Amino acid sequence: MGLDKCKIVELPKIMDRRGNLTFIEGNDHVPFDIKRVYYLYDVPGGEKRGGHAHKALQQFIVAASGSFDVVLDDGNDQKRFHLNRSYYGLYIPTMIWRELDNFSSGSVCIVLASEHYDENDYIRDYKELENKVGSNDKK
Ligand code: TYD
């Protein structure tokens, strides 16, 4: 279902002996206008982030440095993505539960978001997501 829409996107990589450059444009590499950018850094070893879904928010996640895993769940199925290159990103549509773990030391997770921050857009209870998407497998 929703998991089919989650996808890894390869970004442009301008190689240069001075160092590489990657860029991301809204409505091109990501299928939304970028309204907000935030980043996770100094994540202690073994720590997890996320643990929620969003009603209207779409996101695009890049491991700008280091690596980590993103576990996505549409209320029925789960898929784990490993991000470890600055020129790949993971697109996450609405109504997908996400958890980020397995952060390498010094990793930086950049998140591009389609909306400004709004706590009312969060679904922080997994059961609520299951009810909203009509899960086949009520736990
Ligand atoms: P949260 O989205 O729960 O973090 P994560 O999903 O990365 O684990 O946000 C953590 C806290 O930061 C929460 O109190 C809300 C606040 N916050 C903002 O104020 N603005 C933002 O853009 C984001 C993403 C979070």
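Before reading on, note that the structure itself is shown above.
Notes on the structure in this doc start here. This structure is a prediction, so every number in the text was calculated from the model and none was measured.

1. What to know about the site of the ligand
Moving on, step 1. Taken together, Arg36, Tyr38, Leu40, Arg49, Gly50, His52, Tyr117, Tyr122 and Arg124 make up the full set of residues adjacent to the ligand.
Moving on, step 2. Here an oxygen atom of the ligand and a side-chain polar atom of Arg36 are 2.5 Å apart.
Moving on, step 3. Relative to its unbound accessible area of 530 Å², the ligand is 62% covered by the protein chains.
Moving on, step 4. Among the secondary structure elements, those contributing two or more residues to the shell around the ligand are strand S2 (36-40) and strand S3 (49-54).
Moving on, step 5. Per-class residue counts for the shell around the ligand are 4 nonpolar, 2 polar and 3 charged.

2. Remarks on helix H1 (residues 126-133)
Moving on, step 1. For H1, the set of buried residues is Tyr126, Leu129 and Glu130. Take H1 and look down its axis: the buried residues cluster within an arc of 100°, on one side only.
Moving on, step 2. Those residues of H1 hidden inside the fold are in contact with S3, strand S5 (68-73), strand S8 (97-101) and strand S10 (122-123).
Moving on, step 3. Looking at where H1 begins, the residue whose side-chain oxygen comes 3.0 Å from the main-chain nitrogen of Lys127 is Asp125.
Moving on, step 4. Note on H1: the residue one or two positions beyond its end, Gly134, has a positive phi of about 70°.

Analysis parameters
- Residues numbered from 1 in each chain as written.
- Predicted model: local features only at pLDDT ≥ 70, side-chain atom pairs only at ≥ 80, totals over all residues.
- Heavy atoms only, no water.
- Near = heavy atom within 4 Å.
- Polar contact = N/O pair within 3.5 Å; in protein donor to acceptor, adjacent residues only side chain to side chain.
- Areas by Shrake-Rupley, 256 points an atom, 1.4 Å probe, with all protein chains shown as cover.
- Helix = DSSP H or I, 4+ residues; strand = E, 2+ residues; numbered from the N terminus.
- Nonpolar A, V, L, I, M, F, W, Y, C, P; charged D, E, K, R; others polar.
- Buried < 20%, exposed > 50% of the residue type's maximum accessible area, 1.4 Å probe, protein only.
- Arc of directions from axis to C-beta.
- Contact = heavy atoms within 4.5 Å.

Distances and angles like these do not, on their own, reveal function.
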